[in-house]
Amino acid sequence: MQPKAKLFSGTGSRYLAEKIAQQFGQPLGKISIQRFSDGEIQPTFLESIRGDYVFLIQSTFSPSDNILELLLMIDAARRASADKIIAVLPYYGYARQDRKDKPRVAIGSKLVANLLTAAGADRVITMDLHAPQIQGYFDIPVDHLDSSAIFIPYIEKLNLENLTFAAPDVGSANRIREIASYFNAEMVICDKHRKRANEISSMVVIGDVTNRNVVLIDDICDTGGTLAKAAGLLIEKGATSIRALCTHPVLSGNAYRNIENSVLEELVVCDTLPLREHPEKIKVLSVAGLFAKAIRNAYENKSITSLFIHSQLRNK
């Protein structure tokens, strides 16, 4: 018999998991996640998953209970004799700690990869890792989805003239270049220098944005400081309008205020993380359909190439 596909959600991503399950065409599986009075977590599957393909949907954002909850769900599924256990992480936390950029620091993204593998995950499905090479930290398959499949149709509907794409830092240049190529548009780079985390000391624009409608694209919006500063600088350099598209709306600290007080026309984000506030400038696009397709293809052992921008570029 063909193993069944069953989708379960952790508490942190229930809002998104319900939409993914709806797009997939079946309800979420039954699971109880109990918390003892001291905060200890105990997940229990309330239905048989023996011999099934089990997809566990949970973003590993702050607090770290979300990571531990996912690890315990994986362990419980393994001990319940699931055939395959696929961890679905719309947002992969600790991805910014992907290297030793100074002495005596942890490589958090590698540690999380080790934990997921040690717990018993057979596969990982995630989106827009802060550094694509994090896939190499895993010794199990990783399906790394690209939010371009969500953002490109949105940009096309805007019908912007004199379109220019901007990378908020040098590290994002390759990704932005691919999207700019799709639209046959120009691109610029906002080169920033930090003295410490979440604090920019200086920024310069590499390229001309005079009389251009600029679209900034990034994977994470944390405090909103980078986007606000980049938008202001681009306007100073002669840009007509600035809007930003960011996959993961971490939006910590004064982020909502920073975005509202910036010259940004709008900030478009995905629903990989839940929003604490819903200001007018922030628009949310859902990744549920994209993850549902990826889960379906993983279950049916089909390729997911068609979900990526490079496949669309070949067919243009």
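The structure we're discussing is the one just above.
Residues numbered from 1 in each chain as written. Predicted model: local features only at pLDDT ≥ 70, side-chain atom pairs only at ≥ 80, totals over all residues. Heavy atoms only, no water.

1. Looking at the overall build of the protein
Helix and strand counts for the protein come out as nine helices and 14 strands. What you see for the protein is a C-alpha radius of gyration of 20 Å, in line with the 20 Å of a compact globule of 316 residues. Within the protein, buried positions represent 53% of all 316 residues. By sequence separation, contacts in the protein at least 24 residues apart represent 62% of the contacts at least 6 residues apart. Approximately 14,900 Å² of the protein is accessible, and the part contributed by carbon and sulfur atoms is 46%. The averaged location of the 35 negative side-chain charges in the protein is 2 Å from the averaged location of its 37 positive side-chain charges. (Helix = DSSP H or I, 4+ residues; strand = E, 2+ residues; numbered from the N terminus. Rg over C-alpha atoms; globule rule 2.2 N^0.38 Å. Buried < 20%, exposed > 50% of the residue type's maximum accessible area, 1.4 Å probe, protein only. Contact = heavy atoms within 4.5 Å. Areas by Shrake-Rupley, 256 points an atom, 1.4 Å probe, with all protein chains shown as cover. Lys, Arg positive; Asp, Glu negative; His and termini not counted. Charge placed at Lys NZ, Arg CZ, Asp CG, Glu CD.)

2. Comments concerning the side chain of D222
One can find D222 in the loop between β11 (213-221) and α6 (225-236). Of the polar contacts made by the side chain of D222, one reaches the side chain of S252; its length is 2.3 Å. (Polar contact = N/O pair within 3.5 Å; in protein donor to acceptor, adjacent residues only side chain to side chain.)

3. Overview of the nonpolar core
Among the nonpolar cores identified, the biggest contains 46 residues, and L7, I20, F55, I125, L145 and F165 are the most heavily contacted of them. Contact partners of F165, with chain neighbours within four places excluded, come to I155, I176, I179, A180, F183, A185, E186, M187, V188, V215 and I217. (Core = buried A, V, L, I, M, F, W, Y, C linked by side-chain atoms within 4.5 Å.)

4. Describing unusual backbone geometry
Omega for the bond connecting S62 with P63 falls within 30 degrees of zero, at 5 degrees, which places this linkage in the cis form. Mapping P63 onto the fold places it in the loop between β4 (53-57) and α2 (65-79). Notably, Y94 is not glycine yet its phi reads approximately 65 degrees, a positive angle. Here Y94 is to be found in the loop between β5 (84-89) and α3 (108-119). The exposure class of Y94 is partly exposed, given its relative accessible area of 40%. Unusually for a residue other than glycine, D128 sits at a positive phi of about 45 degrees. Residue position: D128 is located in the loop between β6 (123-127) and β7 (142-145).

5. A short note on the packing of aromatic side chains
A full pass over the atoms with the stated rule returns five aromatic pairs. Ring geometry for Y53 versus Y299: centroids 5.6 Å apart, planes at 80 degrees, classification edge-to-face. You can see Y53 sitting in strand β4 and its partner Y299 sitting in helix α8 (residues 288-299), a full 246 residues away along the chain. We classify Y53 as buried; its relative accessible area is 13%. (Phe/Tyr/Trp six-rings, centres within 6.5 Å; stacked < 30°, edge-to-face > 60°.)

6. Digging into the pattern of salt bridges
Here the structure, examined in full by the defined rule, presents 14 salt bridges. Here E18 and R14 are joined by a salt bridge, their closest N and O atoms 3.2 Å apart. With E18 and R14 both in helix α1 (residues 14-24) and four residues apart, the pair spans about one turn of that helix. Exposure remark for E18: the relative accessible area of 41% places this residue in the partly exposed category. Assessed through its relative accessible area of 36%, R14 is described here as partly exposed. D128 is the salt-bridge partner of R175, the closest N and O atoms lying 2.8 Å from each other. You can see R175 sitting in helix α5 (residues 173-182) and its partner D128 sitting in the loop between β6 and β7, a full 47 residues away along the chain. D128 sits in the buried class, given a relative accessible area of 6%. Ionic contacts of the salt-bridge type, sharing partners, join the residues K6, E47 and D52 into one network. (Salt bridge = Lys/Arg side-chain N within 4 Å of Asp/Glu carboxyl O.)

7. Let's talk about the environment of C190
If you trace the backbone, C190 turns up in strand β9 (residues 186-196). Expressed as a C-alpha distance, the spacing of C190 and A173, which sit 17 residues apart in the sequence, is 9.6 Å. Contact partners of C190, with chain neighbours within four places excluded, come to A167, P168, D169, M203, V204, V205, L216, A230 and L234.

8. Quick word on α8
Along its 12 residues, α8 runs 16 Å from first to last C-alpha, staying within 8% of the 16 Å computed at 1.5 Å per residue. Along α8, the positions that sit buried rather than exposed are A288, L290, F291, A292, A294, I295, N297, A298 and Y299. Trailing α8 by a residue or two, N301 shows a phi angle of about 55 degrees, which is positive. (Expected span 1.5 Å × (residues − 1).)

9. A look at the environment of D218
Looking at where D218 falls in the secondary structure, it is placed in strand β11. Its relative accessible area of 8% is what places D218 among the buried residues. For D218 and I176, which are 42 residues apart along the polypeptide, the C-alpha to C-alpha distance reads 8.6 Å. In contact with D218, other than residues within four places in its own chain, are P168, S172, R175, L245, C246 and T247.

10. Some words on the pairing of strand β3 (residues 41-45)
Judged by which residues are buried, β3 turns out to be one-sided: I41, P43 and F45 face inward and are buried, whereas Q42 and T44, on the alternate face, are not. Strand direction decides the pairing type here: strand β2 (residues 31-35) and β3, joined by five bridges, are antiparallel. Looking at the pairing, I31 lines up with F45 of β3. With antiparallel pairing between neighbouring strands as the criterion, β2 and β3 make up a hairpin whose turn holds five residues, including G39 at a positive phi of roughly 100 degrees. (Pairing = 2+ DSSP bridges.)

So yeah, pure geometry; function would need other evidence.
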